[in-house]
Amino acid sequence: MKQMRNIGGTLGIFILAGSLLIGCSPSAPQATTASTLGQEATSSEASQKSQTRPYTDYLGHSGNIPVSPARIIYSGETFGDMLALGVKPIGGFGYTNQIFEDQLHDVENVGFPINLEKVLELQPDLIIHANTEEKEYEQLAQIAPTVIFDTFAPLEERMTQLGDMIGKPEAATKWLADYKLKSEEMWKKLKESGIMKEGETASVFTYYPGNRLFVMARTGLSQVLYDTNGFKPTAPIQEILDAQKGFELISVERLPEIAGDRIFILNTTSEEAEKSTQELLKSRIWKDLPAVKNGYVYFIDIEKSSSDATTREWLLQRIPEILAK
């Protein structure tokens, strides 16, 4: 907008100067024409930003959203999707220790659960929210157009929807094409080098406080590993995937049926969860797992195992390093 205003102003100055030099000549009205053109261009740009269009989210909420949103709050675990599309939201829920943390110095923390007062203060023109609680949606929708977004959705589906939602479909298409090529190349090299075999299975586990062991499915590192060209889920994990679940609480006794040829453990910052992990590693059930006996166990910090687009690009470099150890 500023650039258009400057162009319009510059044209006006040059034409006005010309009219002063030649007096009352027929060229004088051109100053008005140039000025008018500049104003119309500026007005058109402002109008585009204020335009809205109908949109229905995956839960069926219908409403109007901006055609070109400028002040976006993204409250969900795949914040890096937005960064990959070249958009930095004005607010998120505090993404510490993420691989993109250095890009967040001017992103406001709206909290988790989301702080309505903070959201109101930021004056967003679009809110993208992962929480499916209806009451929270209704409260946010009173502040600004709100879309409930499935952050567990596959990468291609997620990025395509985001690109459409924020007015950047071309950027989404290009990023997905570039990522696909990089991903195919990574898995191809791993198999050609003999580091992994065709058809190998993998599983991802993590402990939460309260001695709760989870197997990951539609979220985080699993999304990356279960690529078309990557590892396969074991049968029990495939059932969880088919049920459209991000993860599932399991008992330690189920590890022999769920664990794959490769096991990935997500390290958490919780001392209680770390204690549970260490106890598991000492157990007979754990030591008898084929993956453990073969030395195919890998550890990665949970904050660096997200399924967001930015982290996934980083993981394309990190996974070969992990498997090569």
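Residues numbered from 1 in each chain as written. Predicted model: local features only at pLDDT ≥ 70, side-chain atom pairs only at ≥ 80, totals over all residues. Heavy atoms only, no water.

Q: Kindly report on the overall build of the protein chain, identifying the contributing residues and their values.
A: In terms of helices and strands, the protein chain carries 14 helices and 12 strands. In the protein chain, which comprises 325 residues, the proportion classed as buried is 44%. With the model as given, the accessible surface of the protein chain reaches about 17000 Å², and the carbon-plus-sulfur share is 53%. (Helix = DSSP H or I, 4+ residues; strand = E, 2+ residues; numbered from the N terminus. Buried < 20%, exposed > 50% of the residue type's maximum accessible area, 1.4 Å probe, protein only. Areas by Shrake-Rupley, 256 points an atom, 1.4 Å probe, with all protein chains shown as cover.)

Q: Break down the sheet that holds strand S11 (residues 262–267) for me, with residues and values.
A: Strand pairing in a sheet is mediated by backbone hydrogen bonds. Such pairs are either parallel or antiparallel. Read across the open sheet, the 5 strands follow the order S10-S9-S8-S11-S12; overall the sheet is mixed. In this open sheet, the two strands that pair with only one neighbour each are strand S10 (247–250) and strand S12 (297–301). Along the sheet, successive strands turn relative to each other by an average axial angle of 30°, direction set aside. Bridge count between strand S8 (residues 202–208) and S11: 4 bridges; the pairing is parallel. The residue of S11 that forms the bridge with Phe205 is Ile265. Packed on one face of the sheet, helix H9 (residues 235–242) meets S8, strand S9 (212–216) and S10 and runs near 80° to S9. The sheet strands contacting helix H11 (residues 271–282) are S8, S11 and S12, and the helix crosses S8 at an angle near 130°. (Pairing = 2+ DSSP bridges. Axes fitted to C-alpha atoms, helices over the stretch in contact; angles between N-to-C directions. Contact = heavy atoms within 4.5 Å.)

Q: Describe the nonpolar core, and please don't skip the residues or the numbers.
A: Ranked by size, the top nonpolar core spans 69 residues in total, and within it Ile128, Met165, Ile166, Phe205, Leu225 and Phe264 carry the most contacts. Tallying contributions element by element places helix H7 (residues 169–192) first for this core, with 7 residues. If we ignore the near neighbours within four places in the chain, the residues touching Met165 are Arg53, Tyr55, Ile65, Pro66, Pro69, Leu126, Ile128, Val147 and Phe149. One finds Val110, Ile114, Ile127 and Ala144 within the second-largest nonpolar core, a separate group that totals 9 residues. (Core = buried A, V, L, I, M, F, W, Y, C linked by side-chain atoms within 4.5 Å.)

Q: Before we move on, could you go through the environment of Phe152 and cite the residues and values that matter?
A: Position of Phe152 relative to the elements: it lies in the loop between strand S7 (146–148) and helix H6 (155–165). Taking C-alpha positions, Phe152 is 9.2 Å from Ala217, a pair spaced 65 residues apart along the chain. Setting aside its immediate chain neighbours within four residues, Phe152 contacts Glu77, Arg218, Thr219, Gln223, Gly246 and Phe247.

Q: Describe the packing of aromatic side chains, and please don't skip the residues or the numbers.
A: Evaluation of the coordinates by the stated rule reveals 14 aromatic pairs. A centroid spacing of 5.8 Å and a plane angle of 85° characterise the contact between Trp187 and Phe231, whose relative ring orientation is edge-to-face. Within this pair, whereas Trp187 is found in helix H7, its partner Phe231 is found in the loop between helix H8 (221–225) and H9, the two being separated by 44 residues in sequence. The class of Phe231 is buried, set by a relative accessible area of 1%. An aromatic cluster is present here, built from Tyr74, Phe79, Phe93, Tyr95, Phe100, Phe112 and Phe149 joined pairwise through their rings. The positively charged end of Arg262 is found above the aromatic ring belonging to Tyr296, 3.9 Å away from the centroid. (Phe/Tyr/Trp six-rings, centres within 6.5 Å; stacked < 30°, edge-to-face > 60°. Lys NZ or Arg CZ within 6 Å of the ring centre and 35° of its normal.)

Q: Hey, could you go over the pattern of salt bridges for me, with residue numbers and the actual values?
A: Inspection of every chain in the model, using the stated rule, returns 16 salt bridges. Here Arg53 and Asp164 are joined by a salt bridge, their closest N and O atoms 3.4 Å apart. Separated by 111 residues along the polypeptide, Arg53 in strand S1 (residues 52–56) and Asp164 in helix H6 bring together distant segments of the chain. One salt bridge connects Arg158 with Asp81, and the closest N-O pair in it is separated by 2.6 Å. Taken together, the residues span a long stretch of sequence, with Arg158 in helix H6 and Asp81 in helix H3 (residues 80–84) at a distance of 77 residues. Each of Lys245, Glu248, Arg254 and Glu257 takes part in salt bridges that share partners, so that together they form one network. (Salt bridge = Lys/Arg side-chain N within 4 Å of Asp/Glu carboxyl O.)

Q: Break down helix H14 (residues 309–324) for me, with residues and values.
A: The terminal C-alpha atoms of H14, which comprises 16 residues, lie 23 Å apart, in line with the 22 Å expected from a rise of 1.5 Å per residue. In the structure, H14 departs most strongly from a straight axis at Leu316, where the bend amounts to approximately 40° and where the proline Pro320 lies between one and four residues downstream. For H14, the set of buried residues is Ala309, Thr310, Thr311, Arg312, Leu315, Leu316, Ile319, Ile322 and Leu323. Buried residues in H14 make contact with H3, H6, H7, H8, S11 and S12. (Expected span 1.5 Å × (residues − 1). Bend = angle between axes of the 7 residues up to and from the residue.)

Q: Any details on the packing of H7 against H14? Residues and values, ideally.
A: H14 packs onto H7 with a crossing angle of 10° between their chain directions and a minimal axis gap of 11 Å. Overall, the two elements H7 and H14 adopt an arrangement that is roughly parallel. Contacts between H7 and H14 involve Trp175, Tyr179, Lys182, Ser183, Met186 and Leu190 from the former and Ala309, Arg312, Glu313, Leu315, Leu316, Ile319, Pro320 and Leu323 from the latter. The class makeup of the residues in the contact of H7 with H14 is 10 nonpolar, 1 polar and 3 charged. (Parallel < 35°, antiparallel > 145°, perpendicular 65-115°, else oblique. Nonpolar A, V, L, I, M, F, W, Y, C, P; charged D, E, K, R; others polar.)

Q: Go over the packing of H6 against H7, please, and point to the residues and values.
A: Running from N to C, H6 and H7 cross one another at 160°; their axes reach a closest spacing of 7 Å. Classified by the angle between their axes, H6 and H7 sit roughly antiparallel to one another. As H6 packs across H7, the resulting crossing turns out to be right-handed. Two secondary-structure elements touch here, H6 through Leu155, Glu156, Met159, Thr160 and Gly163 and H7 through Pro169, Ala172, Trp175, Leu176 and Tyr179. A class-by-class count of the residues in the contact of H6 with H7 yields 7 nonpolar, 2 polar and 1 charged. (Left-handed = near helix turned anticlockwise from the far one by under 90°.)

Q: Mind laying out the pairing of S8, listing which residues take part and the relevant values?
A: Most of S8 is tucked away, with 6 of its 7 residues classed as buried. Note that S8 and S9 share 4 bridges and pair antiparallel. Bridge pairing links Tyr208 to Arg212 in S9.

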